[in-house]
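Fold and geometry: a report
Each chain, written out:
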Amino acid sequence: MFILLAMAKNKYDNLIALGLAAIFSSFAFFSCSDSSSVRGIESERLFSLDYGKFDSQIDLFSISSVGNINTFLAMRDGFFYIANGESQKIMEMNSYGDLLTLFFNEESGLVPDLELSEDSVDTTRKAISYPFNILGPIAVDSQKTVYVVDSLPPEQQVFGTDENLLFRQVVLRFSSDGKVLDYIGQQGVGGTPFPYIRKIYATENDELVVVCLTNEGMRVYWFDSQGHLLYVVPIRDSEIPNPFADQSATPMHLSAENVIPSSDEHILFIKVDYFALSVDQDSKVQSGIEYTNTLLYPFYVVYGSYGEPLKIPPYEEDVSDGFGKVTYMTPYEFSGVTKSGWKFFSLPVKDGYMLQIVQSGGQRILNRKIKMDNDNLLYYAFSISETGIVSALFAYPERAVVEWWRIDSLIENLNED
């Protein structure tokens with residue numbers, strides 16, 4: 001999985017890495033301005049999870065496995081869904097941390113305390129057995145249908161020689177009462193597996209959107225609520241508008257950093273970062289790249305066309321060496337879209353996470369900080385709801401905790417102004 005991700009991103013990762021490495025290396029040698037002037041947002045700690053193999057525990061650091069941590073979080077209507085790949089299970093919990101539903105692989109050795117559910121049994125707390133392999137991102141729709149990415153066993157994976165891609169992942173569907181429904185592949189229900197899935201989304205219309213990485217960029221699959229394929233949208237850097245190409249004396253490069261669907265329309269929001277080559281004036285040799293701009297494009301899927309972009313300000317950091325001050329600009333990561341049109345952007349900083357929240361047409365831009373105990377933090381997973389609630393799973397040495405930030409109240413008040 002990691003190899004495929006590296007292959008798919010290789011064509012522009014080196015480009016971005018040159019510029020960002022210069023920025024972050026500068027932070028290491030100079031004193032930076034204090035970003036604490038940005039208003040913070042108080043979190044509410046909801047519940048904690050012990051580490052272990054039992055029902056209500058979480059396993060993140062299995063010594064028997066090597067590679068990325070495969071644990072993901074989704075929140076819907078105050079219920080939390082944790083796909084814990086290390087223990088091959090999914091936990092549905094309320095905001096008090098009570099375990100309501102457990103999807104688990106019997107071969108993992110877990111013996112649940114909850115009642116093992118059959119199709120004819122309807123209980124408020126239940127366990128459902130399913131032979132998970134390697135779990136990935138998770139999403140939940142308005143009907144409480146659970147969508148989760150899983151990898152197929154090696155004998156069912158397909159290598160595409162035309163695209164040089166490994167097709168190995170599918171999206172499983174479970175109904176609100178815990179029944180196993182089916183799985184979705186590229187063509188819909190029962191289809192062939194996807195290439196590496198970066199993220200999945202469930203819209204307000206209960207449609208599934210699957211964002212994949214390929215060697216040419218990203219590819220988006222859009223399905224209706226029944227699992228029928230509606231659209232396949234390739235997003236290639238070579239086809240993205242570049243309005244700065246004729247404005248620079250040096251070549252410009254761009255990178256589509258992320259794509260997120262609208263919650264109620266067939267629109268994809270594509271965040272694009274633009275970079276200019278820097279040339280040493282003495283030797284006339286290319287010395288690196290410089291970040292210049294970020295634009296957020298709406299892509300109208302039905303018409304296959306781009307709309308007018310929204311300019312997204314970067315994060316600015318003042319760096320002083322005692323003789324002067326230099327302002328470095330870093331692009332935010334595109335993190336979420338609310339049903340009222342607010343766009344969420346985020347960036348890790350030394351004492352937490354910076355959030356930039358942009359209203360639909362750019363009328364208002366809010367900058368807020370989420371404070372985190374970075375010194376003790378081992379792993380984290382964020383989720384942004386369609387109403388604007390930011391939730392997070394934080395893993396510390398002693399236990400994991402789930403918190404949220406009620407940003408929905410903030411943007412709701414602004415919408416009423």
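Residues numbered from 1 in each chain as written. Predicted model: local features only at pLDDT ≥ 70, side-chain atom pairs only at ≥ 80, totals over all residues. Heavy atoms only, no water.

1. Details of the sheet that holds strand β29 (residues 352-358)
Strand order across the open sheet formed by 4 strands is β27-β28-β29-β30, with antiparallel pairing between neighbours. Two strands in the sheet have a free side with no partner beyond their single neighbour: β27 (333-337) and β30 (365-371). Across the sheet, the mean angle separating the axes of adjacent strands is 25 degrees when strand polarity is ignored. Sheet analysis places β27 next to strand β28 (residues 343-349), joined by 4 bridges and oriented antiparallel. Residue pairing for β28: V337 is matched across the bridge by K343. (Pairing = 2+ DSSP bridges. Helix = DSSP H or I, 4+ residues; strand = E, 2+ residues; numbered from the N terminus. Axes fitted to C-alpha atoms, helices over the stretch in contact; angles between N-to-C directions.)

2. Looking at empty space enclosed by the protein
Within this structure, the stated rule accounts for 1 cavity of 30 Å³ or more. Volume-wise, the largest cavity comes out at about 40 Å³. As for the largest cavity, its lining consists of T214, E216, G217, M218, R219, P234, I235 and R236. Listing elements by their share of the lining of the largest cavity, those giving two or more residues are β18 (217-223) and β19 (229-236). For the lining of the largest cavity, the class distribution of residues is 3 nonpolar, 2 polar and 3 charged. (1 Å grid on protein atoms, 1.4 Å probe; cavity = no way out; pocket = protein on both sides within 12 Å on 5 of 7 lines; lining within 4 Å. Points joined across faces, edges and corners; volume = space filled by probe spheres on them. Nonpolar A, V, L, I, M, F, W, Y, C, P; charged D, E, K, R; others polar.)

3. Focus on the confidence of the model for the protein
For the protein, the mean per-residue pLDDT works out to 85, and 84% of the residues sit at or above 70. Low pLDDT, under 50, characterises residues 1-34; the predicted model gives this stretch 56 contacts beyond four residues in sequence or across chains. (pLDDT = per-residue confidence, 0-100. Contact = heavy atoms within 4.5 Å.)

4. Let's talk about the pattern of salt bridges
Counted under the stated rule, the structure contains 16 salt bridges. Two residues, E239 and R236, come together in a salt bridge whose shortest N-O distance is 3.0 Å. Taking the shortest distance from any N to any O, the salt bridge between D351 and K369 comes out at 3.1 Å. One end of the pair, D351, is in the loop between β28 and β29; the other, K369, is in strand β30, and 18 residues separate them in sequence. Put simply, R198, E257, K271 and D273 are held in one network by salt bridges that share partners. (Salt bridge = Lys/Arg side-chain N within 4 Å of Asp/Glu carboxyl O.)

5. Some details on the environment of L366
Topologically, L366 is positioned in strand β30. Accessibility expressed as a relative area gives 11% for L366, which makes it buried. Sequence-distant contacts of L366, defined by excluding residues within four places in its chain, comprise W342, L355, Q356, I357, L410, I411 and L414. (Buried < 20%, exposed > 50% of the residue type's maximum accessible area, 1.4 Å probe, protein only.)

6. Remarks on the nonpolar core
V220, I235, I240, V259, L268 and Y274 are the most contacted members of the largest nonpolar core, which totals 40 residues. Examining the composition of this core, we find that 7 residues originate from one element, strand β21 (residues 267-279), more than from any other. Judged by nonpolar contacts, the second largest core, of 25 residues, contains M75, L110, I389 and W404. (Core = buried A, V, L, I, M, F, W, Y, C linked by side-chain atoms within 4.5 Å.)

7. Digging into a nonpolar patch on the surface
A cluster of nonpolar side chains, Y300, V302 and Y303, forms an exposed patch at the surface whose accessible area comes to about 360 Å². Counting through the fold element by element, Y303 comes out in the loop between β22 (286-300) and β23 (305-306). (Patch = residues over 30% accessible without salt bridge, like charges linked within 9 Å, V, L, I, M, F, W, Y side chains within 5 Å. Areas by Shrake-Rupley, 256 points an atom, 1.4 Å probe, with all protein chains shown as cover.)

8. Examining the packing of aromatic side chains
According to the stated counting rule, one finds 22 aromatic pairs in the structure shown. Ring geometry for Y130 versus F174: centroids 5.5 Å apart, planes at 85 degrees, classification edge-to-face. With Y130 in the loop between β8 (126-129) and β9 (135-140) and F174 in strand β13 (residues 169-174), this pair connects stretches of sequence that are 44 residues apart. For F174, a relative accessible area of 0% puts it in the buried group. Ring geometry for F394 versus W405: centroids 6.1 Å apart, planes at 75 degrees, classification edge-to-face. With F394 in strand β32 (residues 390-395) and W405 in strand β33 (residues 400-405), this residue pair connects regions lying 11 residues apart in the sequence. Ring pairing ties together the aromatic residues Y353, Y380, F382, F394, Y396 and W405, which thus form one cluster. Seen from the ring of F269, K343 lies directly overhead, with NZ or CZ sitting 4.5 Å from the centre. A cation over a ring is seen here: R406 above W404, with NZ or CZ 5.3 Å from the ring centre. (Phe/Tyr/Trp six-rings, centres within 6.5 Å; stacked < 30°, edge-to-face > 60°. Lys NZ or Arg CZ within 6 Å of the ring centre and 35° of its normal.)

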